[in-house]
Amino acid sequence: MNTIGIEHSLQDARHVLVVDDDPDLLRLMSIRLEAAGYIVTTAFSAEEALRRVADDPPQVVVTDLRMEGMDGLALFERIHASWPSLPVIILTAHGTIPDAVEATRGGVFGYLTKPFDGQVLLAEIDRAISLGGHHSGNTGGGESTAWRRAIISRSTAMEELLRKAALVAASDASVLLQGDSGTGKELMARAVHLASTRQDGPFVAVNCAAIPEPLLESELFGHVKGAYTGASRERAGLILSAAGGTLFLDEIGDMPLTLQAKLLRVLQEHRVRPIGSEQSVSVNLRVVSATHRDLQEEIAKGNFREDLFYRLNVVRLRLPPLSERREDIPLLANHGLARLCGKYGKSIRGFAPKAMELLLQASWPGNVRQLLNVVEQSVALCNAPLVPVSIVSDAMQDTPSQPLPLEEAKRRFERDYLTDLMRAAEGNVSLAARLAGRNRTEFYRLIQRHQLSPTQFKP
Ligand SMILES: Nc1ncnc2c1ncn2[C@@H]1O[C@H](COP(=O)(O)OP(=O)(O)OP(=O)(O)O)[C@@H](O)[C@H]1O
Ligand SMILES: [Mg+2]
């Protein structure tokens, strides 16, 4: 019953308290936040901030870390003790990783390193307000987040991706998930299903690389009795069993060409014809597919049908490697730890600071899966209240990611190389192209292939 939307949102105007001992920055932030429709209160010191919170609690506090007198972390602790559900975002110009770890471990909602992007700050504030325990009357009131509960994240990269996922879920568009192994593609496929109107229908996952070619056809399309030797009974097939729901085609890049043609027909005509049958059956489903391969490259090599690619790739979501979202590491590690303590019947409180630093700095070629494996091994071996660095470092040695196939290793190298170049050139494509010794058009095509956009590197 949300017919009183407008009045409601006026009453619930979002109230932010901004704390900084630099008056110019404080003014700048107020102007920016007010322009975005927030009600802003300011404080020049942590002490003043505490008085303001007591007078009129805001929905979120944004504070500088380094301040004369009480600093941002101490302010957070005071606020957290008296108003535990009030989210606090910390800004730091001197953002070192250990600071950030300390902060997120203590329960700070988020931290941003200065200079920060205005849009990122606004997004973070919105997220804090919508998740904070203070008000439920934020925009879109009663919006459920159950669909994304399994996905642990706090990075802006993942939040942005989840926002996009929610939007496409609401449509019926085909989604192609790209990302290195262990980045959470399957988890995201499920989230898209849960966020869609098909959530009560089936979610059927098929790993196209794991099923041998001759079997895959009948697994997917089904067959009638006697369709081939050994087909003693009729079988509906996975496509039909996903009717009304979502079909997740994992490792779609490994699907044989003959089956690609057959799948394309299903997507075009919304009908399936089981092997040996004269008739096709109508089927209504949404397809989410995933691959760690570069499909455009596979098309160029003649291994993948271009027309099928366009059908599958209506919306593309790219899961960033864990090394591009290090702020998710403490959250994932602590979550994993809590869950695994239950499994192993242990009561470990967390990671020692040096251990967490090690986790934060590792390169994680196997991404979230590899991180969770390291956490699991650490929990299994640890008998102390805090996991010491020695256990984590042993677990990391014992849990190497699998060696990559050459193609994949080359692709990753190229992407990392381009990312470094674009970062160095601050998003200036011409400059980056010159550094790489390529012409601009060629270079632009290259970064596009890796889904890197110049704007993401602009300061
Ligand atoms: N954001 C996340 N929060 C919690 N768990 C995650 C997250 N991302 C991945 N995981 C966990 O990591 C493991 C790997 O995730 P998933 O299977 O979805 O990855 P994938 O991209 O499909 O990998 P692959 O390409 O190797 O199949 C799973 O156990 C999953 O639950
Ligand atoms: Mg997978």
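Residues numbered from 1 in each chain as written. Chains lettered and ligands numbered in written order. Predicted model: local features only at pLDDT ≥ 70, side-chain atom pairs only at ≥ 80, totals over all residues.

## Quick word on the overall build of the protein
So the rule is basically this: A run of DSSP states H or I qualifies as a helix once it reaches four residues; a run of E qualifies as a strand once it reaches two. Both are numbered from the N-terminal end. We call a residue exposed when 12 or fewer other C-beta atoms sit within 10 Å of its C-beta, buried when the count reaches 20 or more, and partly exposed for counts in between; the C-beta positions come from the backbone. Residues are treated as contacting if the C-beta atoms built from their backbones sit within 7 Å of each other.
Helix and strand counts for the protein stand at 20 helices and 14 strands. Within the protein, the proportion of its 459 residues that are buried is 33%. Relative to all contacts within the protein whose residues are 6 or more apart in sequence, the contacts with residues 24 or more apart total 70%.

## A closer look at the sheet that holds strand E8 (residues 246-250)
Threshold: Two strands pair if DSSP finds at least two bridges between them. Orientation is described by lines fitted to C-alpha atoms, with helices fitted over the stretch in contact, and by angles between N-to-C directions that extend from 0 to 180 degrees.
Across the sheet, 5 strands lie side by side as E7-E8-E11-E6-E12; this open sheet has parallel pairing. A strand with exactly one partner marks an edge of an open sheet, and here the two such strands are strand E7 (203-207) and strand E12 (315-318). Here the strands of the sheet are splayed against their neighbours by 20° on average, with no regard to which way each runs. Against the sheet, helix H8 (residues 185-195) makes contact with strand E6 (175-178), E7, E8, strand E11 (286-291) and E12, and its axis sits at roughly 165° relative to E11, the strand it touches most.

## Some points on the site of ligand 1
Our working definition: As a rule, any residue with its backbone-derived C-beta atom within 6 Å of a molecule or strand is reported as near that molecule or strand. Only Asp, Glu, Lys and Arg are considered charged, only Ala, Val, Leu, Ile, Met, Phe, Trp, Tyr, Cys and Pro nonpolar, and every remaining residue, Gly among them, polar. Domains are outlined according to an automatic or database domain assignment.
Ligand 1 sits among 16 residues. The nearest are Ser 181, Gly 184, Lys 185, Glu 186 and Val 368. Its residues placed into classes, the shell around ligand 1 shows 6 nonpolar, 7 polar and 3 charged. Summarising the domain contributions, the shell around ligand 1 has at least three residues from each of domain 2 (156-318) and domain 3 (325-398).

## As for the pairing of strand E1 (residues 15-19)
Inclusion rule: Handedness of a crossover: with both strands directed away from the viewer, a clockwise path from the first strand across the helix to the second marks it as right-handed.
Most of E1 sits out of view: 4 of its 5 residues are buried. Where E1 and strand E2 (residues 39-43) come together, 5 bridges link them in parallel fashion. Residue pairing across strands places Val 19 opposite Ala 43, the latter belonging to E2. Crossover handedness for the path E1 to helix H2 (residues 23-35) to E2: right-handed. Relative to strand E3 (residues 60-64), E1 is paired through 4 bridges, and the arrangement is parallel. Along E3, the bridge assignment pairs Val 19 with Thr 63.

## Let's talk about the confidence of the model for the protein
In plain terms, the rule: Confidence of the predictor at the level of single residues is given by pLDDT, which spans 0 to 100.
This prediction gives the protein a mean pLDDT of 85; 90% of its residues lie at or above 70. Below pLDDT 50 for its whole length, residues 1-11 participates in 3 contacts with residues either more than four positions away or in separate chains. Of the regions scoring below 50 in pLDDT, residues 133-142 engages in 15 contacts with residues more than four places distant in sequence or in other chains.

## With respect to the nonpolar core
The condition is simple: Defined on buried residues, the nonpolar core groups Ala, Val, Leu, Ile, Met, Phe, Trp, Tyr and Cys residues joined through C-beta atoms within 7 Å.
Ranked by internal contacts, the top residues of the largest apolar core, which has 38 residues, are Ala 165, Leu 177, Met 188, Val 192 and Ile 239. Other than its neighbours up to four places away in sequence, Met 188 contacts Ala 165, Leu 177, Leu 317 and Leu 319.

## What about the sheet that holds E2?
The strands that make up a sheet are held in pairs by hydrogen bonds between backbone atoms, and each pair lies either parallel or antiparallel. The 5 strands lie next to each other as E2-E1-E3-E4-E5, forming an open sheet whose pairing is parallel. The sheet terminates laterally at E2 and strand E5 (110-113), the two strands that pair on one side only. Mean inter-strand twist for the sheet, computed between neighbouring axes without regard to direction, equals 20°. Where H2 meets the sheet, its contacts fall on E1 and E2, and the angle it forms with E2 comes to roughly 170°. Each of E1, E2 and E3 touches helix H3 (residues 46-55); the most contacted strand, E1, lies at about 160° to it.

## A short note on the environment of Gln 178
Locating Gln 178 in the fold gives a position in strand E6. Distance in space between the C-alpha atoms of Gln 178 and Arg 316 is 7.3 Å, their sequence separation being 138 residues.

## Examining helix H7 (residues 156-170)
Quick reminder: α-helices carry 3.6 residues per turn. Residues three or four places apart thus point the same way. Going by this rule: In this scheme, a helix's expected span is set at 1.5 Å multiplied by one less than its residue total.
In this model H7 runs 21 Å from its N-terminal to its C-terminal C-alpha over 15 residues, within 8% of the 21 Å that 1.5 Å per residue would give. Looking at H7, one finds that the buried residues are Thr 156, Met 158, Leu 161, Ala 165, Val 168 and Ala 169.

## Re the environment of Leu 50
The residue Leu 50 is located in helix H3 in this model. Residue Leu 50 is classed as partly exposed on the basis of its 17 C-beta neighbours within 10 Å.

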